[in-house]
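Reading the structure
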Amino acid sequence: MTDHYAVIGNPISHTKSPLIHGLFAQAAQQDMQYTAIEGPVEPDTAFADVVRAFATGGGKGMNVTAPFKLKAFAMADERSERATLAGAANALKFEGGRILAENFDGMGLVRDIEINLARPMAGKRVLLLGAGGAARGALLPFLAAEPAQLVIANRDVAKAQALAAQVAGRGPIVACRYADLEAMGRFDLVVNATSASLTGDLPPVPPSIFSPEGMAYELAYGKRLTPFLRLARNAGVRNIADGVGMLVEQAAEAFVWWRGVRPDTRPVIDRLTVPLD
């Protein structure tokens, strides 16, 4: 019997999730159907109604994208530690009438960096730009990778400090303002988790943060050489990447959670990759 899954967001026409999970299912020989649902923004309870109707109708799980990650988290009966820290869910699973919430964004990011791009974080200085939802989801997976230091930089330093305080004791983490970065030296890995690249903007960071032997990683994907990646390249960084690998890897984590099978992500990443230049 075919199992049903979906991604829900608004707008949703741009989503790659049905393609990604369709390729996973085909390669892993899983009998499943995956569709896209444009969720209602109003009234406030409409999103939860759609999710519950999908589950009641036999749906097994959902991916959740903007603007519903907070609502998905709020309606869950059980939440993972990663989802709790992020305050948001990007994946749901329906079991025995209960809704389970997870957040795989950070896990997918770390897997892409460490495995696909062969850049282990252990013992390295890592800089995370931004203190929004993307950064929140990355904190626990980043610290689990055992960097020598994880620095969160944000325009609003209080927001970054609050994030760092939530994971105090999990690893060496520091919060600072963008303006403080000039004096902090070079980092082995710089990850842009801000929304600046979505509007063609650049976080106010100095080129001195980049190590030519390190890596610059842009969470936005399919936008070729963003202002952030261009800044890194002009600073001499040879290893740059966008978030297409993270997109596929977080989808793979959800697939494992739902199906108990880890799909081969490399062919899917290759299919979706847009050259940066």
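Rules used throughout
Residues numbered from 1 in each chain as written. Predicted model: local features only at pLDDT ≥ 70, side-chain atom pairs only at ≥ 80, totals over all residues. Heavy atoms only, no water. Phe/Tyr/Trp six-rings, centres within 6.5 Å; stacked < 30°, edge-to-face > 60°. Helix = DSSP H or I, 4+ residues; strand = E, 2+ residues; numbered from the N terminus. Buried < 20%, exposed > 50% of the residue type's maximum accessible area, 1.4 Å probe, protein only. Lys NZ or Arg CZ within 6 Å of the ring centre and 35° of its normal. 1 Å grid on protein atoms, 1.4 Å probe; cavity = no way out; pocket = protein on both sides within 12 Å on 5 of 7 lines; lining within 4 Å. Points joined across faces, edges and corners; volume = space filled by probe spheres on them. Domains from an automatic or database assignment. Nonpolar A, V, L, I, M, F, W, Y, C, P; charged D, E, K, R; others polar. Arc of directions from axis to C-beta. Contact = heavy atoms within 4.5 Å. Polar contact = N/O pair within 3.5 Å; in protein donor to acceptor, adjacent residues only side chain to side chain. Axes fitted to C-alpha atoms, helices over the stretch in contact; angles between N-to-C directions. Parallel < 35°, antiparallel > 145°, perpendicular 65-115°, else oblique. Left-handed = near helix turned anticlockwise from the far one by under 90°.

**Points about the packing of aromatic side chains**
Using the criterion set out here, one finds 7 aromatic pairs in the structure. Taken together, a centroid distance of 6.5 Å and an interplanar angle of 45° make the contact between Tyr34 and Trp258 tilted. Here the residue Tyr34 occupies a position in strand β2 (residues 32-38), and Trp258 occupies one in helix α9 (residues 244-259), the gap between them amounting to 224 residues. We note that Tyr34, like Trp258, is buried. Centroid distance Phe210 to Phe228: 5.8 Å. Interplanar angle 55°. Geometry classified as tilted. Residue Phe210 is found in strand β11 (residues 210-218), and its partner Phe228 is found in helix α8 (residues 227-234); the two are separated by 18 residues along the sequence. Among the aromatic residues, those joined into a cluster by ring pairs are Tyr5, Tyr34 and Trp258. Lying over the aromatic face of Phe73, Arg79 brings its terminal NZ or CZ to 4.7 Å of the ring centre. Here Arg125 stacks its cationic end above the ring of Phe187, 4.1 Å away from the centre of that ring.

**Thoughts on the layout of surface pockets**
Of the volumes computed, that of the largest pocket is approximately 1100 Å³. Lining the largest pocket are 39 residues, and of these Thr65, Ala66, Lys69, Asp105 and Met246 lie nearest its centre. Elements with a contribution of two residues or more to the lining of the largest pocket: β3 (59-64), α3 (69-75), α5 (105-116), α6 (133-144) and α9. The element contributing the most residues to the lining of the largest pocket is α6, with 4 residues. The residues that make up the lining of the largest pocket include at least three from each of domain 1 (3-102) and domain 2 (106-243). Taken as a whole, the second largest pocket spans an internal volume of roughly 170 Å³. Lining the second largest pocket are 14 residues, with Leu117, Ala241, Asp242, Val244 and Thr273 sitting closest to its centre. Taken together, the residues of the lining of the second largest pocket sort by class into 8 nonpolar, 3 polar and 3 charged.

**Things to note about helix α7 (residues 157-166)**
Among the residues of α7, those classed as buried are Ala160, Leu163 and Ala164. Seen from one end, α7 has its buried residues packed into an arc of 100°, which puts them on one side. Along its buried surface, α7 packs onto α6, β8 (149-154) and β9 (173-177). Two or three places before Ala158, at the opening of α7, Asp156 has a side-chain oxygen 3.2 Å from that residue's backbone nitrogen.

**Describing the packing of α5 against α9**
For the pair α5 and α9, interaxial distance at closest approach is 7 Å and the crossing angle is 120°. In terms of axis orientation, α5 runs oblique to α9. Handedness of the crossing formed by α5 with α9: right-handed. Residues Asp105, Met107, Gly108, Leu109, Arg111, Asp112 and Asn116 of α5 pack against Gly245, Met246, Glu249, Gln250 and Glu253 of α9. Considering only residue class, the contact of α5 with α9 consists of 3 nonpolar, 4 polar and 5 charged.

Remember, this is a structural readout, not a statement about activity or role.
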